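Here's the letter readout for the chains.
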Number of protein chains: 2
Amino acid sequence: MDKQLLLTSTRNVLMRLEETIIFGLIERAQFASNQVIYQKGAFGSELSGESLVGYLLHETEQIHARMRRYTSPDEHPFFTDLPAPILPALVFSESPIQPNAVNINAEIRSVYEQQLVPLICPPGDDGQYGSSSVSDVMLLQALSKRIHYGKFVAESKYRDREEVLKPLIQAMDREALAKAITDEAVEAQVLERVRLKAQTYGHQLGGGQNEFRVTPEVVQRIYAEWIIPLNKQVQLEYLFQRSV
Amino acid sequence: MDKQLLLTSTRNVLMRLEETIIFGLIERAQFASNQVIYQKGAFGSELSGESLVGYLLHETEQIHARMRRYTSPDEHPFFTDLPAPILPALVFSESPIQPNAVNINAEIRSVYEQQLVPLICPPGDDGQYGSSSVSDVMLLQALSKRIHYGKFVAESKYRDREEVLKPLIQAMDREALAKAITDEAVEAQVLERVRLKAQTYGHQLGGGQNEFRVTPEVVQRIYAEWIIPLNKQVQLEYLFQRSV
């Protein structure tokens, strides 16, 4: 895949995922935070010591693994003990990124459960454990995809400015590399775009709902405080693993 | 549950599901129609003769059944061979509807696969089988919930106008009963509201996408031609099974 094509296709995926994430946040915010679904063991021994959300996520990943989801370079599982695909292997066009072992899903899950859910959901317990968990799994998968897309972003930046980035990678200079891959103008653009999208999609029609918690400001904050920094973390880890 | 509370809570659920369905349609429309995922046996013998979507739906329902999804009176599985719940039974407040065996999911699935998907998705095959199937399962579940909510609607109407509906049910007069439960003003309101919502949510920001297929008119048509009539069919079947 050539440089320009990689950049364009990466941008398109990132923009498309904004809708998925914002819709997902609005869906999840319909239910109370339901903290019990994140507590390991809260639902008895049948969930193998997992929380309800962990159980559903694990079971879902087992199905998706059989459907070969995780053979795609832009998908990252939260669990490692997954079955082999039962579908014949897809012929992927050559992956534009290099083989690597970067996977920060443990951190994504912890940030999501401990910070994002309390931020977007009404506090308390409404008993909607199943619906909340289904929504959580969808959001966790979308956030993971968005954040790990940092690999494609980093690859694109590397090909564009190898002469600047290569020495920083070789010197293992994390701080300088972080600075070199940061484009504040692009970040400001993303933040403004998600604010606008949230304003559009979050528009409550038909009334009769809870007060609206997924405000444009909250979506912007989720991007600014978690999604963008975690994405940058993936970019750095990918670049340090990349052969230069 | 008293009559007024039943009416209000039913209305709120139906309105909330409009968002879920419209978001789901927009998500699914990002991918090509990918007809091969609906063809039984297209992916070899490992899927027990099911199509890819059927396989994912079946596997998903097995997990959700273990999480006791289908013990709730507003949830209806597409498959019948599902495992028992592993979670302790929820103490539901007394169900406002009567026990019944109405389940038109086979029809919903066939309408969805054969008519809705070709309507909303770009024709052809983009290889996005996993993402398309995941989106299909989500939409099928939301459509099933919306359509089977006709049971709550019908119960509410019965309690409100028992003196009118009871004789029609006893006379097994399907045509007159269909007419008696139809409120054209309410239907027009629903159609106008979903058109407005689709206009709001479907607003394409950020550009760079395919032409927009989930137009307000398409959403309105999906409600007018499929969701509302199928919902009415559920209402009728429920009333004929109701003890009067």
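Remember, it's a predicted structure, so these values are computed and weren't measured experimentally.

1. A word on the relation of the copies chain A and chain B
1) Next: Note on the identical chains: chain A maps onto chain B by a rotation of 180° and an axial translation of 0.0 Å, with an RMSD of 0.0 Å. As the rotation angle and translation indicate, the two copies are arranged about a two-fold axis. Among all residues of chain A, the minimum C-alpha distance to the rotation axis is found for Y201 of chain A, at 2.5 Å.
2) Next: Take the interface residues of chain A: 98% of them recur as interface residues in chain B, which is what a same-surface contact looks like.

2. Section: the interface of chain A and chain B
1) Next: With 41 residues of chain A at the interface, the matching set in chain B holds 41 residues.
2) Next: Summing both partners gives a buried area of about 3,700 Å² for chain A against chain B, and 64% of it is carried by carbon and sulfur.
3) Next: Put simply, chain A and chain B have two salt bridges between them.
4) Next: Taken together, the elements giving at least two residues each to the side of chain A that touches chain B come down to helix 1 (3-28), helix 2 (52-66), helix 4 (129-148) and helix 8 (184-201) of chain A.
5) Next: Residue composition of the side of chain A that touches chain B, by class: 19 nonpolar, 13 polar and nine charged.

3. Some remarks on the packing of helix 1 of chain A against helix 8 of chain A
Helix packing for two helices is described by the angle between their axes and how far apart those axes are.
Residue and element names in this part refer to chain A.
1) Next: Put simply, helix 1 and helix 8 touch, their axes get as near as 10 Å, and they point 45° apart. For the element pair helix 1 / helix 8, the angle class is oblique. The element helix 1 and its partner helix 8 pack so that their crossing is right-handed. Residues M15, E18, E19, I22, F23 and I26 of helix 1 form the contact with helix 8, whose own contacting residues are V190, R193, V194, K197, A198 and Y201.
2) Next: Counted by class, the contact of helix 1 with helix 8 contains eight nonpolar, no polar and four charged residues.

4. Some thoughts on helix 2 (residues 52-66) of chain B
1) Next: Taking 1.5 Å per residue, 15 residues should reach 21 Å; helix 2 of chain B reaches 22 Å between its end C-alpha atoms and fits that length.
2) Next: Once helix 2 of chain B ends, the next one or two residues include R68 of chain B, with phi positive near 60°.

5. A few points about the pattern of salt bridges
Residue and element names in this part refer to chain A.
1) Next: Counted under the stated rule, the structure contains 34 salt bridges over all chains.
2) Next: Linking R28 and D136 is a salt bridge whose minimum nitrogen-to-oxygen distance equals 2.9 Å. With R28 in helix 1 and D136 in helix 4, this residue pair connects regions lying 108 residues apart in the sequence.
3) Next: The buried category is assigned to R28, whose relative accessible area is 0%.
4) Next: Residue D136 is classed as buried on the basis of its relative accessible area of 0%.
5) Next: For R109, the salt bridge goes to E113, with nearest N and O atoms at 3.0 Å. Placement of both R109 and E113 in helix 3 (residues 105-120) is noted, with a separation of four residues, approximately one turn of the helix. Of the two residues examined, R109 and E113, each falls in the buried class.
6) Next: When salt bridges with common partners are traced through the structure, they connect E18, E19, R193 and K197 into a single cluster.

What counts and how
- Residues numbered from 1 in each chain as written.
- Chains lettered and ligands numbered in written order.
- Predicted model: local features only at pLDDT ≥ 70, side-chain atom pairs only at ≥ 80, totals over all residues.
- Heavy atoms only, no water.
- Least-squares fit on C-alpha atoms with pLDDT ≥ 70 in both.
- Contact = heavy atoms within 4.5 Å.
- Buried area = accessible area lost by both parts, 1.4 Å probe.
- Salt bridge = Lys/Arg side-chain N within 4 Å of Asp/Glu carboxyl O.
- Helix = DSSP H or I, 4+ residues; strand = E, 2+ residues; numbered from the N terminus.
- Nonpolar A, V, L, I, M, F, W, Y, C, P; charged D, E, K, R; others polar.
- Axes fitted to C-alpha atoms, helices over the stretch in contact; angles between N-to-C directions.
- Parallel < 35°, antiparallel > 145°, perpendicular 65-115°, else oblique.
- Left-handed = near helix turned anticlockwise from the far one by under 90°.
- Expected span 1.5 Å × (residues − 1).
- Buried < 20%, exposed > 50% of the residue type's maximum accessible area, 1.4 Å probe, protein only.

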